[in-house]
Amino acid sequence: MLTVLGIIFPVFAMIAVGYGAVRKGLVAQSDISGLGRFVVNVCLPALLFSAVTSSDRSDFTQPLYLSIYAVCGLVNMGLIWLAVSIAGAERTRRAAATLGASTPNSAYIGYPILLLALPEIAAPVFAMNVVVENFLFLPLGLMLLEQAQTVASPTPFAMVRRLLKSILTKPMILGMFAGLAVALLGIPLPHAFVRLVDMIAQATPAVALFFIGGTLVGLPLRGHLNYAVLVASAKLLIFPALAVVMAACLAFFGCRFSDPRLFSALILSSAMPIFGMYAIFTQEVGHEGMASIAMLTSIIGAFFTLSALLIILL
């Protein structure tokens, strides 16, 4: 129990520090957006570059891990879509719920927890999570949102092209591709450059968690509570449950992870709270209130669900 507390407490305490600093005016809320840009445009690219270049290629190309993570996320999307449809939600709310239920906060919360719980494999697991989330979960969710807004929505081909362009120009994706190129070509890197990248990468967990806490101040917490709780529950409970079932079924037929720690990483990654940009993406369809409640609920709930999972898995 003390081990679990040692993992979970620093993460959520840092979120609380960020919230308290902004709430009390020690840090201006306007500065938080700049801090978020620093994490996204500088820290995460450095982290992914370092993760890929410092790991063996087999560490971040685990087909079984990638497959289970992707399939379970897609199944969870289908389940939440069906659930809110049965509940009578309109198209935009169905799309907003689907986006939130299957896109974990791997960058800001997931990596810090993995770093404390499974430090030896945290970096390559984070790299694999980024690939699945940015090339599958997020684009599909955004496509659903865009299609739900108007009857005369763009063609699927146009949306895919625009989303692919947006993904491939993200700094963290470019950082990962740059690291992959260096690793595959065997390009030697100067020691001073490696130290610089590592120094930036090491700043990521604390700054990211502080940012998450700061963004919780002033959230528009007015929306459909029932849908918000449903989305948060699907993200915290259904997604990891699907991962457990699929991994167990595959193991029964002989498909097991080469490293048993990957199973723990898979379940923890699936159980992370909703990603931090959720409320911003749903603002255009008028569901930022529901999204904010769902995001806040998932962060608070994750303290308990992740603690339970860590006790079971570690």
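Values in this document were obtained by computation on a predicted structure and should not be read as measured data.

Draft legend 1. How the structure looks around the overall build of the chain. A tally of helices and strands in the chain yields 14 helices and zero strands. When the helices and strands of the chain are read in sequence order from the N terminus, they spell out α-α-α-α-α-α-α-α-α-α-α-α-α-α. Over its C-alpha atoms the chain spans a radius of gyration of 19 Å, differing by no more than 12% from the 20 Å that the globule rule assigns to 314 residues. Dimensions of the chain along its principal axes, counting C-alpha atoms only, are 55 × 55 × 45 Å. For the chain, the residues scored as buried account for 49% of the 314 residues in total.

Draft legend 2. Expanded view of the nonpolar core. Counting residues in each nonpolar core, the largest one holds 70 residues, and the members touching the most others are Tyr-65, Ile-109, Leu-266, Leu-268 and Leu-306. Membership of the second largest hydrophobic core comes to 28 residues, among which are Leu-138, Met-143, Met-290 and Ile-293.

Draft legend 3. Quick look at helix H3 (residues 63–86). For H3, built from 24 residues, the straight-helix expectation of 34 Å at 1.5 Å per residue is met to within 8% by its first-to-last C-alpha distance of 34 Å. For H3, every residue scored as buried is listed here: Tyr-65, Ile-68, Tyr-69, Ala-70, Cys-72, Gly-73, Asn-76, Met-77, Ile-80 and Val-84. Residues of H3 that are buried make contact with helix H4 (91–101), helix H5 (106–117), helix H6 (122–149), helix H11 (225–252) and helix H12 (261–270).

Draft legend 4. A look at the packing of aromatic side chains. This model, assessed by the stated rule, comprises 13 aromatic pairs. A ring pair is formed by Phe-49 and Phe-193, whose centres lie 5.9 Å apart and whose planes are at 85°; its orientation type is edge-to-face. Placement of the pair is Phe-49 in helix H2 (residues 29–53) and Phe-193 in helix H9 (residues 191–202), with a sequence separation of 144 residues. Residue Phe-49 is classed as buried on the basis of its relative accessible area, which comes to 11%. The class of Phe-193 is partly exposed, set by a relative accessible area of 36%. Ring pairs connect the aromatic residues Tyr-65, Tyr-69, Phe-137 and Phe-239, which therefore count as one cluster.

Draft legend 5. Spatial organisation of the confidence of the model for the chain. Per-residue pLDDT for the chain has a mean of 90; in total, 97% of the residues score no lower than 70. For the chain, per-element mean pLDDT is lowest for helix H7 (residues 156–168), which scores 76, and highest for H12, which scores 97.

Draft legend 6. Spotlight on H4. In terms of burial, H4 is a largely internal element, 10 of the 11 residues being buried. Looking at H4, one finds that the buried residues are Thr-92, Arg-93, Arg-94, Ala-95, Ala-96, Ala-97, Thr-98, Leu-99, Gly-100 and Ala-101. Each element contacted by the buried residues of H4 is listed here: H3, H6, H11, helix H13 (278–281) and helix H14 (288–313).

Here is what the cut-offs are and how they apply
- Residues numbered from 1 in each chain as written.
- Predicted model: local features only at pLDDT ≥ 70, side-chain atom pairs only at ≥ 80, totals over all residues.
- Heavy atoms only, no water.
- Helix = DSSP H or I, 4+ residues; strand = E, 2+ residues; numbered from the N terminus.
- Rg over C-alpha atoms; globule rule 2.2 N^0.38 Å.
- Buried < 20%, exposed > 50% of the residue type's maximum accessible area, 1.4 Å probe, protein only.
- Core = buried A, V, L, I, M, F, W, Y, C linked by side-chain atoms within 4.5 Å.
- Expected span 1.5 Å × (residues − 1).
- Contact = heavy atoms within 4.5 Å.
- Phe/Tyr/Trp six-rings, centres within 6.5 Å; stacked < 30°, edge-to-face > 60°.
- pLDDT = per-residue confidence, 0-100.

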